[in-house]
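Structural description and commentary
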Amino acid sequence: MKTLARYLQIWLASARYSLVRATMFRGDLFIWATVELLWITVNVIMVGVIYSHTPTVAGWTLYQMLILVGTSMLIQRFLMGFFWSGIFEMGRNVRSGLFDFTLAQPGDPLFMASTRKLELDGLLNSLVAGALVVYSARKLGLHPGFLDIARYGFMVACGVVIHYSALVMAMSLAFWITSAQGVEGSYFTLMEFSRLPRQAFNGIAAVVFVWILPVVVVSNAPANEILHGYNAGWMIGLCAATAAWFTLAVVIFRSGLKRYTSASS
Amino acid sequence: MLKYGQAFIIGLQSNLVYRWNFGVRSIFWFFHLAVVYILWGAAYAGHATIGSYTFAQTLTYFVVIFVLQFFIGAFNEDYQISEDIRNGLINQFLLKPINYFAYRLSVFTAARVVSGAFGVMALLVALPIFRGYIELPHDSWRIYLGLPAMALTAIIQFSIAYCFGLLAFWFLEIQGFVILSMAVETLLGGQVVPLDLLPPAVFNVVRFLPFFYQAYFPAAIFTGRQGLDFALQGLAIQAFWAFILVCLAEFVWKRGLRHHTAAGG
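Residues numbered from 1 in each chain as written. Chains lettered and ligands numbered in written order. Predicted model: local features only at pLDDT ≥ 70, side-chain atom pairs only at ≥ 80, totals over all residues. Heavy atoms only, no water.

Our next topic: the packing of aromatic side chains. Given two aromatic rings, one states the distance between the centres and the angle between the planes to describe the pair. All names here are of chain A. Counting across every chain of the model gives 48 aromatic pairs over all chains. Seen in terms of ring centroids, Phe 175 and Phe 253 are 5.8 Å apart; in terms of plane orientation they differ by 70°. Their pairing is edge-to-face. Here Phe 253 lies in helix H12 (residues 232-259) and Phe 175 lies in helix H8 (residues 174-177), a separation of 78 residues in the sequence. Across this residue pair, the class does not change: Phe 175 and Phe 253 are buried. (Phe/Tyr/Trp six-rings, centres within 6.5 Å; stacked < 30°, edge-to-face > 60°. Helix = DSSP H or I, 4+ residues; strand = E, 2+ residues; numbered from the N terminus. Buried < 20%, exposed > 50% of the residue type's maximum accessible area, 1.4 Å probe, protein only.)

Residues Phe 193, Phe 201 and Phe 209 of chain A together with Trp 40, Tyr 162 and Phe 212 of chain B are the most contacted members of the largest nonpolar core, which totals 162 residues. Here this core gets 16 residues from one element, more than from any other, and that element is helix H3 (residues 62-96) of chain A. Setting aside residues no more than four positions away along its own chain, Phe 201 of chain A makes contact with Phe 193, Leu 196, Ala 206, Phe 209, Val 210 and Val 216 of chain A together with Ile 38 of chain B. (Core = buried A, V, L, I, M, F, W, Y, C linked by side-chain atoms within 4.5 Å. Contact = heavy atoms within 4.5 Å.)

Once that is clear, we can look at a nonpolar patch on the surface. On the surface, Ile 204, Val 207, Trp 211 and Ile 212 of chain A cluster together into a nonpolar patch covering about 480 Å² of accessible area. Structurally, the position occupied by Val 207 of chain A is in helix H10 (residues 203-212). (Patch = residues over 30% accessible without salt bridge, like charges linked within 9 Å, V, L, I, M, F, W, Y side chains within 5 Å. Areas by Shrake-Rupley, 256 points an atom, 1.4 Å probe, with all protein chains shown as cover. Salt bridge = Lys/Arg side-chain N within 4 Å of Asp/Glu carboxyl O.)

This part is about the environment of Arg 112 of chain B. Residues and elements named next belong to chain B. Position of Arg 112 relative to the elements: it lies in helix H6 (residues 100-130). Judged by its relative accessible area of 4%, Arg 112 is buried. Residues Arg 112 and Tyr 213, 101 residues apart in the sequence, show an inter-C-alpha distance of 18 Å. Apart from residues no more than four positions distant in its own chain, Arg 112 is found in contact with Phe 22, Phe 70, Phe 71, Ile 72, Gly 73, Ala 74, Phe 75 and Glu 77. A distance of 3.1 Å separates a polar atom in the side chain of Arg 112 from a polar atom in the side chain of Glu 77. (Polar contact = N/O pair within 3.5 Å; in protein donor to acceptor, adjacent residues only side chain to side chain.)

The next subject is the pattern of salt bridges. Note that side chains of opposite charge can pair when their charged atoms are close. Residue and element names in this part refer to chain A. A complete count under the given rule lists 12 salt bridges over all chains for this structure. The partner of Lys 117 in a salt bridge is Glu 89, and the shortest N-O contact between them spans 2.7 Å. Taken together, the positions of Lys 117 in the loop between helix H5 (109-114) and helix H6 (120-139) and Glu 89 in helix H3 put the pair 28 residues apart, joining distant regions of the chain. Residue classification places Glu 89 among the partly exposed positions, given a relative accessible area of 21%. A salt bridge links Asp 148 to Arg 151; the nearest nitrogen and oxygen atoms lie 3.2 Å apart. Of this pair, Asp 148 and Arg 151 both sit in helix H7 (residues 146-172), 3 residues apart, which is roughly one turn of the helix. One connected set of salt bridges, linked through shared partners, spans Glu 89, Arg 116 and Lys 117.

Another aspect to go through is helix H9 (residues 184-191) of chain A. H9 of chain A sits mainly inside the fold: 6 of its 8 residues count as buried. In this fold, the buried residues of H9 of chain A make contact with H3 and H7 of chain A together with helix H2 (19-44) of chain B.

Next up on the list: the packing of helix H7 (residues 141-166) of chain B against helix H11 (residues 228-259) of chain B. Residues and elements named next belong to chain B. Axis separation between H7 and H11 bottoms out at 9 Å; the angle between their running directions is 25°. The angle between H7 and H11 places the two elements in the roughly parallel class. Here the hand of the crossing between H7 and H11 comes out left-handed. (Axes fitted to C-alpha atoms, helices over the stretch in contact; angles between N-to-C directions. Parallel < 35°, antiparallel > 145°, perpendicular 65-115°, else oblique. Left-handed = near helix turned anticlockwise from the far one by under 90°.)

Note that an α-helix has 3.6 residues per turn; residues three or four places apart therefore point the same way. Residues and elements named next belong to chain A. In H3, a bend of some 65° at Phe 83 exceeds every other bend along the element. Where burial is concerned, most of H3 is hidden: 27 out of the 35 residues are buried. Immediately downstream of H3, the backbone of Gly 97 shows phi near 95°, a positive value. (Bend = angle between axes of the 7 residues up to and from the residue.)

This part covers the environment of Leu 195 of chain B. Mapping Leu 195 of chain B onto the fold places it in the loop between helix H8 (175-188) and helix H9 (200-206). As a C-alpha pair, Leu 195 of chain B and Arg 207 of chain B span 12 residues in sequence and 8.9 Å in three-dimensional space.

Another aspect to go through is the interface of chain B and chain A. At the interface, 34 residues of chain B touch 37 residues of chain A. The interface formed by chain B and chain A includes 0 salt bridges. Seen at the junction of chain B and chain A, the total is 4 residue pairs in polar contact (both at pLDDT 80 or more). Sorting the residues of the side of chain B that touches chain A by element identifies H2 and H8 of chain B as the ones contributing at least two each. Counting residues per element, the side of chain B that touches chain A draws most heavily on H2 of chain B, which supplies 13 residues. In terms of residue class, the side of chain B that touches chain A is made up of 24 nonpolar, 8 polar and 2 charged. (Nonpolar A, V, L, I, M, F, W, Y, C, P; charged D, E, K, R; others polar.)

Even without being a glycine, Ala 58 of chain A presents a positive backbone phi close to 55°. Checked against the element boundaries, Ala 58 of chain A lands in the loop between helix H2 (26-51) and H3. We classify Ala 58 of chain A as partly exposed; its relative accessible area is 23%. In this structure, Ser 52 of chain B is a non-glycine residue whose phi angle is positive, near 65°. Assignment of secondary structure puts Ser 52 of chain B in the loop between H2 and helix H3 (55-72). Overall, Ser 52 of chain B belongs to the exposed group, its relative accessible area being 57%.

Dropping the structure here:
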């Protein structure tokens, strides 16, 4: 409990620093907020163009699909807001040797590396993604109860942990291949699957992307909670995937850390 | 000319050092293609055509887009240029009879030779899986017009990345601008949806923008989505944009140098 409180204190200090920094570089904040907004727009336009030629995709109507896309974007914006900068820089710091500074800090290296910065722009755009979900739900005439919303929130949090784990694994490659530049793109590619409905996956694709890699479950589980109500199967699957992926990410990060050789003189 | 040949060779060597990065990108190329296959496969369920194109034609379009990106896409040239400016490495080019644009273009060409080789390897692996879905037209003019279109696309992509890299003369951090432009380029370049699926009025505006020529145009020539007249007109517009962007690059370079302070001795 004492350790948890200490980590919370460290995180709050980092968050405070990030907020002060964000308000100092307001132009930068504006540009990044626009970037995030534009990517959400790109996804919505893509869905709009496809649905202008077909009424359903894998049995999902336009607004059902927008709930799925909105949920996926919501998870990703939270990841961007809370962890992206720290993990992204970790990949570069491993190459340059600046990762020494992280190791010298008073805490678990993975925690210190990944919670170093809070990005306000990502968090601001989580409101846009959330608004997309709310708007689509209203268009469908859905009125989820308090429990549904609480379970949706919990599932989104599980999704953030899974995304976090995938990103840590991708960036941990830097310990082996030295330059992880561009590897972060692999994370984005993998997470494109989370914008697809479960029903679109058949055969080997279902085995790989639904059961082995939890990239589909991560967004489909919360979206289904809003669309069709509670489903124990989704909940259990998501919790199991969250625990498994987080454990795997920690194991890979730690084995990579053993290979790290400081580049400083 | 010899010095740029040397820059090309050095570029080849330095890119081969990071061959694993290209290898990882090639692997994730399959995932990207899988997303396209699953999404569009679901959209085409129950429809023989969408926007007068079959599923095979649409999949062929995306395969060609992806392969083209390996050969002519500017991946991180903007970042490299901004690092040269930020770290002061640009100073060495100011003291030598080297044109920085030509030097960077040589290095970019070398990088694309390496990534293109990986792209071809990825394609060879993917072909047995997707062979039944690849439908390329047999008109020979498509090769004669497609290849120069590819070359002009490379110049457009490089010039835009070069201009964004040069923003480092004015701004400490340019990644926001780069990713902002990437979102626009991804959408208006036809990497998310084939642009001919947009409403005709929108398409007729987009075809006069430079982004149209960053990916969609050569892919549309190779895959038969546009006819000879359109290709000839497009090639003229593309040449115009390539010229404008090269001039803009030179202009930004000259203006940037006025801002630049070379420190140290």
